[in-house]
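# Results of the structural survey
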Amino acid sequence: MADTGKNNNYINKENITGSYPDHLAGIIDRNLLFYINSYKNLPALLKKSIMYSIKNGGKRFRPVLCLLTVSSLGGNYEDALPAACAIELIHTYSLIHDDLPSIDNDDFRRGKLTCHKVFGEDIAILTGDALFAEAFNIILKYQAGSPDIKIRLLEEIAHASGAEGMVAGQVIDVFYTAKKISKKLLEFMHDKKTAKLITASVRSGAIIGGAPENIMAKLTLYANCIGLAFQITDDILDIETTMEVSGKTAGKDAAQNKNTFPSMYGIKKSREIAGRKVKEAIDAISGIDIKKDSLINLAEFILKRKK
Ligand code: GRG
């Protein structure tokens, strides 16, 4: 069932940087479409809003990270496609809800109008809800492995998304907008809002790849560090990139008085902190016996990315 891209002329995504594994992102795109198309009993409007939200040029950073982690452990990345796609569905749900008028009120995402701008707020909320639930369904239905592996994956992804994960970070983000925040709480917010799902992506790959505890611990540290660096560079890009490149409205954080690394430390220091975190991530995996080049490459991509 899995589309591994080996015998296909897959849709070439616009190259994100010279070193980004675009072919894996393309494979994720096609497998996402396969899962969504396998649903037959859903209202046409919901199918349309889901397709609109899925087919839209995201980098697929989290699922790619999951696949690369499996490969780094000597496994077949094909084995992780359901879990990787499930994580992308959760990420997509979080973006749809994040863009809502009652949260960040964004009109553009990935170069297109946001889901609520096209389908209305009610349908956008429901589209996010559907993607969230279907993420777990895809793992239950398609993920290979023992029941124990499936339970560990569900646990990992649910924890990263829930009240002690992404939602916690988002609540702090919303509550502290235009209010003073401490450095510690700012880092906590970024860790929950963004790093947790990135960490779950690596840990899910490590579960599927059968990583022993010592390697799991190093990979977890790697992921926590790149997760924080990813959000810091996101904050910087909000200031430095244009709508044409990023596909979302530029300068929104400052306009909304959001707490970000640049607002706390300035751009130069924020860039240094992101650089330190990427170095810490690479150091974490440098001493372990895995095929680490592609994970190092993806960590370095975070500092080079333009969107
Ligand atoms: C239950 C209302 C409710 C919310 C769920 C909304 C939410 C919790 C969390 C949002 C968390 C969030 C949007 C974090 C931002 C993370 C981030 C850096 C997004 C951009 O990710 P990229 O660059 O985007 O990977 P693409 O478009 O490439 O997928």
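The notes below deal with the structure included here. Bear in mind the structure is a predicted one, so any value in this text is a computation, not a measurement.

### Focus: a positive patch on the surface
Together, Lys180, Lys183, Lys269 and Arg276 make up a positively charged patch on the protein surface. Following the sequence through the fold, Lys180 ends up in the loop between helix H8 (166-176) and helix H9 (183-208). Under the relative-accessibility criterion, Lys180 is labelled exposed at 75%.

### Description of the site of the ligand
Neighbouring the ligand are 20 residues, the closest being Lys59, Arg62, His91, Tyr93 and Arg110. Between an oxygen atom of the ligand and a side-chain N or O atom of His91, the distance comes to 2.8 Å. At a separation of 2.6 Å, an oxygen atom of the ligand approaches a polar side-chain atom of Arg110. Considered on its own, the ligand offers 730 Å² of accessible surface; in the complex 89% of this is hidden by protein. Contributing elements (two or more residues each) for the shell around the ligand: helix H4 (81-98), H8, H9 and helix H10 (213-240).

### Looking at the layout of surface pockets
Roughly 190 Å³ of volume is contained in the second largest pocket. In this structure, the second largest pocket is lined by Thr233, Ile236, Leu237, Glu240, Thr241, Arg271, Ala274, Ile302, Leu303, Lys304, Arg305 and Lys306. Broken down by secondary-structure element, the contributors of at least two residues to the lining of the second largest pocket are H10, helix H14 (267-286) and helix H15 (293-304). Looking at the lining of the second largest pocket, the element that brings in the most residues is H10, giving four residues. Looking at the lining of the second largest pocket residue by residue, the class counts come to five nonpolar, two polar and five charged.

### Focus on the nonpolar core
Residues Phe61, Leu65, Tyr222 and Ile226 are the most contacted members of the largest nonpolar core, which totals 88 residues. Per-element accounting of this core gives the leading share, 12 residues, to H10.

### Details of the pattern of salt bridges
Counted according to the given criterion, the structure contains 18 salt bridges. In this structure, Asp234 engages Lys248 in a salt bridge whose closest nitrogen and oxygen atoms are separated by 3.5 Å. On the criterion of sequence distance, the pair formed by Asp234 in helix H10 and Lys248 in the loop between helix H11 (243-246) and helix H12 (252-255) is long-range, its members being 14 residues apart. Classification of Lys248 by relative accessible area gives partly exposed; the value is 26%. Residue Arg271 pairs with Glu240 through a salt bridge whose shortest N-O separation is 2.9 Å. Of the two residues, Arg271 is situated in helix H14 and Glu240 in helix H10; the sequence distance between them amounts to 31 residues. Residue class for Arg271 comes out partly exposed when judged on its relative accessible area of 43%. Within the structure, one salt-bridge network assembled from shared partners comprises Asp29, Arg60, Glu88 and Arg110.

### A few points about empty space enclosed by the protein
Taken as a whole and judged by the stated rule, the model has one cavity of 30 Å³ or more. Put simply, the largest cavity is a space of about 100 Å³. For the largest cavity, the lining is made up of 13 residues, of which Ser53, Asn56, Ile96, Arg109 and Cys115 are closest to its centre. Broken down by element, the lining of the largest cavity gets its largest block of residues, three residues, from H4. Residue composition of the lining of the largest cavity, grouped by class: five nonpolar, four polar and four charged.

### Examining the packing of H10 against H15
Between H10 and H15, the least distance of the axes is 9 Å, while the angle of their chain directions is 20°. Considering their axes alone, H10 and H15 lie roughly parallel with respect to each other. Where H10 crosses over H15, the handedness of that crossing is left-handed. Here H10 contributes Leu219, Tyr222, Ile226, Ala229, Phe230 and Thr233 to the contact with H15, which in turn contributes Leu295, Leu298, Ala299, Ile302 and Leu303. Grouping the amino acids of the contact of H10 with H15 by side-chain chemistry returns 10 nonpolar, one polar and no charged.

### Comments concerning H15
Helix length check: H15, at 12 residues, gives a terminal C-alpha distance of 17 Å against a target of 16 Å (1.5 Å per residue), a fit within 8%. Considered for burial, the residues of H15 that qualify are Leu295, Ile296, Leu298, Ala299, Phe301 and Ile302. Where H15 is buried, its residues touch helix H3 (61-72), H10 and H14.

So, how was this worked out
Residues numbered from 1 in each chain as written. Predicted model: local features only at pLDDT ≥ 70, side-chain atom pairs only at ≥ 80, totals over all residues. Heavy atoms only, no water. Patch = residues over 30% accessible without salt bridge, like charges linked within 9 Å, V, L, I, M, F, W, Y side chains within 5 Å. Areas by Shrake-Rupley, 256 points an atom, 1.4 Å probe, with all protein chains shown as cover. Salt bridge = Lys/Arg side-chain N within 4 Å of Asp/Glu carboxyl O. Lys, Arg positive; Asp, Glu negative; His and termini not counted. Charge placed at Lys NZ, Arg CZ, Asp CG, Glu CD. Helix = DSSP H or I, 4+ residues; strand = E, 2+ residues; numbered from the N terminus. Buried < 20%, exposed > 50% of the residue type's maximum accessible area, 1.4 Å probe, protein only. Near = heavy atom within 4 Å. Polar contact = N/O pair within 3.5 Å; in protein donor to acceptor, adjacent residues only side chain to side chain. 1 Å grid on protein atoms, 1.4 Å probe; cavity = no way out; pocket = protein on both sides within 12 Å on 5 of 7 lines; lining within 4 Å. Points joined across faces, edges and corners; volume = space filled by probe spheres on them. Nonpolar A, V, L, I, M, F, W, Y, C, P; charged D, E, K, R; others polar. Core = buried A, V, L, I, M, F, W, Y, C linked by side-chain atoms within 4.5 Å. Axes fitted to C-alpha atoms, helices over the stretch in contact; angles between N-to-C directions. Parallel < 35°, antiparallel > 145°, perpendicular 65-115°, else oblique. Left-handed = near helix turned anticlockwise from the far one by under 90°. Contact = heavy atoms within 4.5 Å. Expected span 1.5 Å × (residues − 1).

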